[in-house]
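Spelled out from the first residue to the last, the chains are:
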Amino acid sequence: MTALLEIEGLTKHFGGVLANDNVSFGVAEGEILGLLGPNGAGKTTLFNCITGFLPPDRGRVRFAGVDVTGRSASRLARDGLVRTFQIVRVFPDLSALENVVIGALLRHGRVSAARRRALEVLEDVGLAARSNVRARDLTTAERKRLEVARALATDPRALLLDEAMSGLNPREVAEAVALVRRLREGGVTIVLVEHVLEVVMPLADRVVVLQEGRAIADATPAAVSRDPAVIEAYLGPQFIERA
Amino acid sequence: MPRPGLPVIALVAAALVYPLVFGSPAAINVGVLILLFAALGTAWNLLGGYAGQISFGHAVFFGIGAYTSTVLLKEAGLSPWLGMLAGAALAALAAVLLGVPTFRLAGHYFAIATIVIGEIAHTVVRNLDAIGGARGLFLPILPTSLVNYQFHNSRLPYYGIAFGLYALALAATLMVERRRIGYYLRAIREDPTASRSVGVSVLQYKLAAAALSAALTAICGTFYAQYVLFIDSDSVFPLSLSILIALTAILGGAGRAYGPLLGAGVLVPLSEITRIAFGGTGRGADLVIYGALIVLISVAQPGGIAALGDALRRRLPQPA
């Protein structure tokens, strides 16, 4: 199977700090890939480089077989590669519906058609009852959900979620996990950035672990959780024997 | 979204009744200025209110409109109506050329850049002897006619044209508001990074808003030249004019279609009153009042006069 999204030798420096060091991996169509790593491992930088918010220093990004390295974020969204943000970014003074309409306008030139699509998506993510509430008045969990809805309304082929679950309570996490599963069933390829292992392990088909900018593991969740390098990265060397 | 029916009908009725009730030339003059500044504020609102790019340099586009039609009239005998279109096109071009570098700047830095550009344009025009320099330009007096865009017996035709200018700017705003571009401009104002993430070409839409805003502002500049029949850099390029244009929209309600009309309805009479009260020495007084108003709005009601209704509704008990 050819990969929908391929990262090859991606490297990014900030001054003397090496945020991503020669990172390579692929994501198959319809897969849920977990991107794990302790805080500061370079996950968000990698996301920014893949989705056109930062130019990589070296390396290539290929999407659907096309080299898209250096394309702008808005162009990549049109190509079908869309992301959400670690710190939630909704349009605060617009209603939930207007937020999602703006996403839907990417594929629907007419506002009336975009509204219909936006209402469908709000229904899908369970925010239909909150359509007319200003985004700034929604709860944190609802705003995270709204951001996913806005991204979904662009009809992406691949959706990159940057810590979509952090800051949610256990019930909200369960709902978010169910939503991600439904999205994949709908044919969307998903990359999840998380530093909470418990969320990713049962959900992901495959996991890539970053540490200090390098990919130190790329395997199934079960294999990764037994990997000494991963345990060392997360817990420290003294835990390897007991694992 | 409410249909515009009622406000539009009320607007047309008020505009028709005003000259019947207040018939004096001075009152008609105030009416002309209210409509002119409502049109200018509405044009500014497309870029400043909807797209959130606060410009304190719109006098540049006003000046381009006034000077383009006037120079073409004086030098080539071109009808001011055609000169108006040339000025609008030139202003739109200038907006795009200035926008490409300045739209990289965010928030206050963009606003500061617009002040600098406005002051540069003001100084350059004052020193450009080929177009009158510091002495300014007198327009040739032509017989009263619509074709000549000059009316010497009554100010009513100017009042009618000013209403047309406002209607044009308002129609443009209502069209933008209901279309993809209107949603995208508000998205850009709210969060440009998030806008990019859902496929909005941020620069392209900012430039479109700037070009439309500049073209409408330039059309008002031509009107001013034909109305006053004398222009110089201090009357059509000053910073105080840029501030007044912005303030009209901000006071009335930035990002709201009818906000600038409300702002003009307050500011123009206020400016006339200070002019009468302080006479020739009152030149600074209006700036003091504008500054105080900006502070008052940002502290008390950032949404402007048009937002007062919303705030009031929120305070009243909600119907079940």
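Going by the structure above, here's the rest.
Predicted model, so just to flag it, every value in this text is computed and none were measured.

1. Some details on the environment of B:Ser235
Residue and element names in this part refer to chain B.
Then, in step 1: Tracing the chain through its elements places serine 235 in helix α10 (residues 233-236).
Then, in step 2: Judged by its relative accessible area of 21%, serine 235 falls in the partly exposed class.
Then, in step 3: The spacing of serine 235 and arginine 135 is 100 residues in sequence and 11 Å in space, taken between C-alpha atoms.
Then, in step 4: A polar contact of 2.9 Å, which involves the side chain of serine 235, links it to the side chain of aspartate 232.

2. Comments concerning the pattern of salt bridges
Then, in step 1: A full pass over the atoms with the stated rule returns 24 salt bridges over all chains.
Then, in step 2: For A:Arg83, the salt bridge goes to A:Asp162, with nearest N and O atoms at 3.9 Å. One end of the pair, A:Arg83, is in strand β6 (residues 81-83); the other, A:Asp162, is in strand β7 (residues 158-162), with 79 residues separating them in the sequence. The same class applies to A:Arg83 as to A:Asp162, namely buried.
Then, in step 3: A salt bridge links B:Asp191 to A:Arg89; its shortest N-O distance comes to 2.7 Å. In this pair, B:Asp191 sits in the loop between α7 (180-190) and α8 (192-197) while A:Arg89 sits in the loop between β6 and α3 (96-104), so the two residues belong to two different chains.
Then, in step 4: With a relative accessible area of 29%, A:Arg89 lands in the partly exposed category.
Then, in step 5: A network of salt bridges, in which partner residues are shared, links A:Asp93, A:Arg134, A:Arg136 and A:Asp137.

3. With respect to the packing of aromatic side chains
Residues and elements named next belong to chain B.
Then, in step 1: Under the counting rule described, the total for this entry stands at 13 aromatic pairs over all chains.
Then, in step 2: Ring geometry for tyrosine 18 and phenylalanine 22: centres 5.0 Å apart, planes at 40°, overall tilted.
Then, in step 3: Phenylalanine 22 sits in the partly exposed class, given a relative accessible area of 43%.
Then, in step 4: Their ring planes at 80° and their centres at 6.0 Å tell us that tyrosine 158 and phenylalanine 223 sit as a pair that is edge-to-face. A residue pair is termed long-range when its members are at least 10 positions apart, and tyrosine 158 in helix α6 (residues 156-178) and phenylalanine 223 in helix α9 (residues 202-228) qualify at 65 residues. Comparing tyrosine 158 with phenylalanine 223, the two get one shared label, buried.

4. Remarks on the packing of helix α3 (residues 59-76) of chain B against α9(B)
How two helices pack is summed up by the angle between their axes together with the distance between the axes.
Residue and element names in this part refer to chain B.
Then, in step 1: At a minimum axis distance of 6 Å, the contact between α3 and α9 shows a crossing angle of 50°. Taken as axis vectors, α3 and α9 run oblique relative to one another. Relative to α9, the crossing made by α3 is right-handed. Here α3 contributes Phe61, Phe62, Gly65, Ala66, Ser69, Thr70 and Leu73 to the contact with α9, which in turn contributes Ala214, Thr217, Ala218, Cys220, Gly221, Thr222, Tyr224, Ala225 and Gln226.
Then, in step 2: Its residues placed into classes, the contact of α3 with α9 shows nine nonpolar, seven polar and no charged.

5. Some remarks on the side chain of A:Lys43
All names here are of chain A.
Then, in step 1: Mapped onto the elements, lysine 43 comes out in helix α1 (residues 43-50).
Then, in step 2: A polar contact of 3.3 Å, which involves the side chain of lysine 43, links it to the backbone oxygen of proline 38.
Then, in step 3: Look past the residues within four positions of lysine 43 in its chain and what remains in contact with it is Leu35, Leu36, Gly37, Pro38, Glu163, Val193, Glu194, His195 and Leu210.

6. A word on the packing of helix α5 (residues 140-152) of chain A against helix α6 (residues 170-185) of chain A
All names here are of chain A.
Then, in step 1: Relative to each other, α5 and α6 sit at 10°, their axes nearing to 11 Å. By the angle class used here, α5 and α6 are roughly parallel. Residues Ala141, Arg145, Val148 and Leu152 of α5 touch α6, and the partners they reach there are Glu172, Glu175, Ala176, Leu179 and Leu183.
Then, in step 2: Each residue belonging to the contact of α5 with α6 can be placed in one class, and the counts come to six nonpolar, no polar and three charged.

7. Quick notes on the interface of chain B and chain A
Then, in step 1: The partner chain A presents 27 residues to the 19 residues of chain B that form the contact.
Then, in step 2: Taken together, both faces of the contact between chain B and chain A bury some 1,900 Å²; the carbon and sulfur share is 63%.
Then, in step 3: When the buried surface of chain B facing chain A is broken down by residue, B:Tyr183, B:Glu190 and B:Val198 rank first, second and third, together holding 33% of it.
Then, in step 4: Our enumeration of links across chain B and chain A arrives at two salt bridges.

8. Observations concerning the sheet that holds strand β8 (residues 189-193) of chain A
All names here are of chain A.
Then, in step 1: Taken in spatial order, the six strands line up as β6-β7-β8-β3-β9-β10 in an open sheet, and their pairing is mixed. Sheet topology places β6 and β10 (214-219) at the edges, where each strand pairs with a single neighbour. Mean inter-strand twist for the sheet, computed between neighbouring axes without regard to direction, equals 15°.
Then, in step 2: Where strand β3 (residues 32-36) lies against β8, four bridges are found, and the strand directions are parallel. Residue leucine 35 lies in a different strand from β8, and its bridge partner there is valine 193.
Then, in step 3: Against the sheet, helix α9 (residues 228-235) engages β3, β9 (206-211) and β10, with an angle of about 130° to β10.

9. A few points about the nonpolar core
Then, in step 1: Counting residues in hydrophobic clusters, the biggest one holds 157 residues, and the most contacted among them are A:Leu146, A:Leu159, A:Met165 and B:Phe223.
Then, in step 2: Not counting chain neighbours up to four residues away, the residues in contact with A:Met165 comprise A:Val173, A:Ala176, A:Val177, A:Val180, A:Leu192, A:Glu194, A:Val199 and A:Leu203.
Then, in step 3: If you look at the next biggest cluster of nonpolar residues, it comprises 25 residues, including A:Val27, A:Ala41, A:Phe47 and A:Ile50.

About the thresholds
- Residues numbered from 1 in each chain as written.
- Chains lettered and ligands numbered in written order.
- Predicted model: local features only at pLDDT ≥ 70, side-chain atom pairs only at ≥ 80, totals over all residues.
- Heavy atoms only, no water.
- Helix = DSSP H or I, 4+ residues; strand = E, 2+ residues; numbered from the N terminus.
- Buried < 20%, exposed > 50% of the residue type's maximum accessible area, 1.4 Å probe, protein only.
- Polar contact = N/O pair within 3.5 Å; in protein donor to acceptor, adjacent residues only side chain to side chain.
- Salt bridge = Lys/Arg side-chain N within 4 Å of Asp/Glu carboxyl O.
- Phe/Tyr/Trp six-rings, centres within 6.5 Å; stacked < 30°, edge-to-face > 60°.
- Axes fitted to C-alpha atoms, helices over the stretch in contact; angles between N-to-C directions.
- Parallel < 35°, antiparallel > 145°, perpendicular 65-115°, else oblique.
- Left-handed = near helix turned anticlockwise from the far one by under 90°.
- Contact = heavy atoms within 4.5 Å.
- Nonpolar A, V, L, I, M, F, W, Y, C, P; charged D, E, K, R; others polar.
- Buried area = accessible area lost by both parts, 1.4 Å probe.
- Pairing = 2+ DSSP bridges.
- Core = buried A, V, L, I, M, F, W, Y, C linked by side-chain atoms within 4.5 Å.

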